[in-house]
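Residue-level listing of the chains:
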Amino acid sequence: MTEDAILTIAKEASSSTVFGVWFLIGAALVFWMQAGFAMVEAGFTRAKNTGNILMKNLMDFCIGTVMFILIGFSLLLGEDYMGFIGKPGFDIFSAYHNFDFSNFVFNLVFCATTATIVSGAMAERTKFLSYCVYSGVISALIYPIEAHWVWGGGWLAQMGFHDFAGSAAIHSVGGVCALIGAWMLGPRIGKFTKDSSGKITKVNAFPGHSLPLGCLGCFILWLGWYGFNGAAATTLEQLGSIFLTTTVAPAVATVVCMVFTWIHYGKPDVSMCLNASLAGLVAITAPCDVADCFGSIIIGAVAGLLVCFGVWFCDYVIHVDDPVGAVAVHMLNGFWGTIAVGLFATPSAPGNEETGIVGLFYGGGFHTLGIQLIGLGSIIIWTTITITLAFVLIKATIGLRVSEEEEIVGLDVKEHGLNSAYAGFSIMDISNTLTMTANENTDLGTDSYENASEVVRTAAIPVVHANEGDVDTGMHKVVIICRLARFDALKKALNGLGVTGMTMTQVMGCGIQRGSNEHYRGAVVDSTLIPKVKVEVILSSIPVDKVIETAKKVLYTGHIGDGKIFVYNVQHVVKVRTGEEDVAALADVE
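Residues numbered from 1 in each chain as written. Predicted model: local features only at pLDDT ≥ 70, side-chain atom pairs only at ≥ 80, totals over all residues. Heavy atoms only, no water.

## Digging into the overall build of the protein chain
Looking only at helices and strands, one finds 20 helices and 11 strands in the protein chain. A total of 590 residues make up the protein chain; the buried ones form 50% of that total. Long-range pairs, those at least 24 residues apart, make up 78% of the contacts in the protein chain between residues at least 6 apart in sequence. Element-wise, carbon and sulfur atoms account for 65% of the exposed surface of the protein chain, whose accessible area totals about 25,800 Å². (Helix = DSSP H or I, 4+ residues; strand = E, 2+ residues; numbered from the N terminus. Buried < 20%, exposed > 50% of the residue type's maximum accessible area, 1.4 Å probe, protein only. Contact = heavy atoms within 4.5 Å. Areas by Shrake-Rupley, 256 points an atom, 1.4 Å probe, with all protein chains shown as cover.)

The following block contains the structure:
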């Protein structure tokens, strides 16, 4: 054997080892995407369900692992049987010394991704037990069988169907399951407003409780996608090209979405742009190895518009409540990415010279496009039939949806005995009070307290005298609700009257500000929780009317919602430290 031959063999062995290690690193990156899905779903939904969402994203991987060991892996990569399924077996137990460890782990993390997509669309109203059951069904049967057609030597692979990393086999399947599940489950309470005839007249926005979590999840997913798309690369050139397409498509999708929402809604929509990044990633997943930069740009641009259309279509046309946009991101863009192979596959992509996969726009005619459509259609039909059957059986036995009380209170408490996923933290954006502006419909005409009429003053800061029928003991409790930005001025003014003891609590006030035209994911936000403070003081010697007048003067800005004051009679006061009672107990705070 010549020296050149030896060097060639050594180089090939070294390359094989390097890409074998990269294959497992890619699997680890895909596993890390579970954290991304958890953060996106938690951030885009309400805080009262956060613990439930975290638990579901943990368990779909763990349950998926069990099901993949028992049957899923062999159905996917077992010996091909008639092009339909892999031969069931237990080589992982009986022939462990020859087992394909790397392929097992790699395909397992992909399987878990398919199951977790469904979670977001059915969030905030699904029974946890039901979720565990259908997640197991997806991991054991639905995903492995259709993935065998694509990657296990099944009939689609034999036909020439191309889905490099799973636009069809993973994202389309997860998206179809999400759509059917969300439709069968029904919308969250209050999502749609109906008239007396039952016709939906309005779509209500349910803003997610933490866009920072959603954004963090988006970046985690984008990072993991380099492993998702690139792990199966076999040359450095191919890997570099995949990294390029996996970067370009989501970036372009996000820019297009930003421009569209800016033009359409007047302001760029944050959550929709986060969805657009993921939509671009989903769309490039199938053609990432056969598309070039120009093709990636077009694929991403369409994805950025498609995700906006998908969210609108679910809300306003078919009235399916999808809290995180899973249908728009995964189903529609999974379809688009699969079809895009038949349009944008180019022989110039590294590693695609010998495959013969050439898209319509690069001179390949309709051959590849036809195969892609057949493959996508068969996967959709398979998924629709199997997941519908699974959901029907679950609904008829253990039920899919939680009770109305459980949904209102929150799944954290009712399903997991968890009072809050944020114990010890106050979920409040205090900075909002410092920048919040009133709109024209709250303006009372003058910002001067002295020039305002009594009617205007009362409209801005109404005063409510509670329990007036009780015996007047000369002691009163005054509760003042106001914006946090006005607290310091209020405190100084009350101190000037001689009030030195007070209690301040941060609270959330719900108010409707008509005409503000705020949008969340294309739906108008009418009612918002506004951060405020509650100040409580107990009075005896200081006149109540003087405190009320001072507070109104300090809080007044000439807008409805400047504050509200409640006055209560106090029957008895005890100072714990000294044992003093009633007026004597209040002597050192007035």
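## What about a nonpolar patch on the surface?
A cluster of nonpolar side chains, contributed by Val255, Met258, Val259, Trp262 and Ile263, occupies part of the molecular surface with about 490 Å² of accessible area. Checked against the element boundaries, Met258 lands in helix α9 (residues 236–265). Owing to a relative accessible area of 32%, Met258 belongs among the partly exposed residues under this scheme. (Patch = residues over 30% accessible without salt bridge, like charges linked within 9 Å, V, L, I, M, F, W, Y side chains within 5 Å. Salt bridge = Lys/Arg side-chain N within 4 Å of Asp/Glu carboxyl O.)

## Considering the packing of helix α7 (residues 167–185) against helix α12 (residues 326–344)
For the pair α7 and α12, the least separation of the axes is 8 Å and the interaxial angle reads 145°. Here the hand of the crossing between α7 and α12 comes out left-handed. Listed contacts from α12 to Ser167, Ala168, His171, Ser172, Gly175, Val176, Ala178 and Leu179 of α7 are Ala326, Val327, His330, Met331, Gly334, Phe335, Gly337 and Thr338. (Axes fitted to C-alpha atoms, helices over the stretch in contact; angles between N-to-C directions. Left-handed = near helix turned anticlockwise from the far one by under 90°.)

## Comments concerning the pairing of strand β11 (residues 563–569)
Alternating residues of β11 divide into Gly563, Ile565, Val567 and Asn569, all buried, and Lys564, Phe566 and Tyr568, none buried. Strand direction decides the pairing type here: strand β5 (residues 463–465) and β11, joined by three bridges, are parallel. Its bridge partner lying in β11, Val464 is registered against Phe566. Where strand β6 (residues 476–482) meets β11, seven bridges bridge the pair, whose relative direction is antiparallel. (Pairing = 2+ DSSP bridges.)

## A word on the environment of Gly359
Along the chain, Gly359 falls in the loop between α12 and α13 (367–397). Overall, Gly359 belongs to the buried group, its relative accessible area being 0%. Linking Gly359 and Val290, residues 69 residues apart in sequence, is a C-alpha distance of 9.2 Å. Leave out the neighbours within four places in its chain, and Gly359 touches Val341, Gly342, Leu343, Phe344, Ala345, Gly364 and Gly365.

## A short note on unusual backbone geometry
One non-glycine residue, Met82, adopts positive backbone phi at about 60°. With relative accessibility at 72%, the residue Met82 sits in the exposed group. Of note, His319 is a non-glycine position whose phi angle comes to about 55°, a positive value. Relative to the helices and strands, His319 resides in the loop between α11 (293–317) and α12. Relative accessible area serves as the criterion here: at 27%, His319 is assigned to the partly exposed category.

## Notes on the side chain of Asp562
Positionally, Asp562 belongs in the loop between α19 (544–555) and β11. Within the structure, Asp562 has its side chain in polar contact with the side chain of Thr557 (distance 2.6 Å). Only 3.1 Å separates the side chain of Asp562 from the backbone nitrogen of Gly558, close enough to count as a polar contact. Residue contacts for Asp562: discarding those within four places in its chain leaves Ala460, Ile461, Ile481, Cys482, Arg483, Leu555, Tyr556 and Thr557. (Polar contact = N/O pair within 3.5 Å; in protein donor to acceptor, adjacent residues only side chain to side chain.)

## Points about the packing of aromatic side chains
This structure, assessed with the given rule, holds 27 aromatic pairs. Where Tyr449 meets Tyr556, the ring centres are 5.7 Å apart and the plane angle is 70°; that geometry is what we call edge-to-face. Placement of the pair is Tyr449 in the loop between α16 (431–435) and α17 (454–460) and Tyr556 in the loop between α19 and β11, with a sequence separation of 107 residues. Across this residue pair, the class does not change: Tyr449 and Tyr556 are buried. One aromatic cluster is present, built from ring pairs that chain together Phe23, Phe106, Phe110, Trp151, Trp225 and Phe228. Positioned over the ring face of Phe206 is Lys191, at 5.9 Å from the centre of the ring. We note Arg457 situated over the ring of Tyr449; from NZ or CZ to the ring centre the distance is 4.0 Å. (Phe/Tyr/Trp six-rings, centres within 6.5 Å; stacked < 30°, edge-to-face > 60°. Lys NZ or Arg CZ within 6 Å of the ring centre and 35° of its normal.)

## Comments concerning the pattern of salt bridges
Counted under the stated rule, the structure contains 12 salt bridges. Its salt-bridge partner being Glu124, residue Arg46 comes within 3.1 Å of it at the nearest N-O pair. On the criterion of sequence distance, the pair formed by Arg46 in the loop between α1 (3–43) and α2 (50–77) and Glu124 in the loop between α4 (101–121) and α5 (128–151) is long-range, its members being 78 residues apart. Of the residues examined, Glu124 reaches a relative accessible area of 1% and is grouped as buried. Taking the shortest distance from any N to any O, the salt bridge between Glu405 and Lys414 comes out at 3.2 Å. Classification of Glu405 as exposed rests on a relative accessible area of 51%.

## Regarding the packing of helix α8 (residues 211–230) against helix α10 (residues 270–285)
Here α8 crosses α10 at 10°, and the two axes come no closer than 10 Å. Put simply, α8 runs roughly parallel to α10. Taken together, the residues of α10 that come into contact with α8 (itself represented by Leu211, Gly214, Cys215, Cys218, Leu221, Trp222, Trp225, Phe228 and Asn229) are Val270, Ser271, Leu274, Ser277, Leu278, Leu281, Val282, Ile284 and Thr285. Taken together, the residues of the contact of α8 with α10 sort by class into 13 nonpolar, five polar and no charged. (Parallel < 35°, antiparallel > 145°, perpendicular 65-115°, else oblique. Nonpolar A, V, L, I, M, F, W, Y, C, P; charged D, E, K, R; others polar.)

## Points about the confidence of the model for the protein chain
Scored by pLDDT, the protein chain has a mean of 87; 88% of the residues are at 70 or more. Segment residues 428–441: pLDDT under 50, and 25 contacts once partners within four positions in sequence are set aside and those in other chains are kept. In this model residues 512–516 is a low-confidence stretch, pLDDT under 50, and it forms 13 contacts with partners more than four residues away in sequence or in other chains. (pLDDT = per-residue confidence, 0-100.)

## A word on the environment of Cys177
Within the element layout of this structure, Cys177 appears in helix α7. Sequence spacing of Cys177 and Ile117 is 60 residues, and the spatial spacing of their C-alpha atoms is 8.5 Å. With residues up to four places along the chain from it excluded, the contact list for Cys177 reads Val118, Ile138, Thr383, Ile387 and Phe391.

## As for the environment of Phe361
Looking at the element boundaries, Phe361 is found in the loop between α12 and α13. A sequence separation of 66 residues divides Phe361 from Gly295, and the C-alpha atoms of the two residues are 9.4 Å apart. Contacts of Phe361, omitting those with residues within four sequence positions, involve Leu343 and Phe344.

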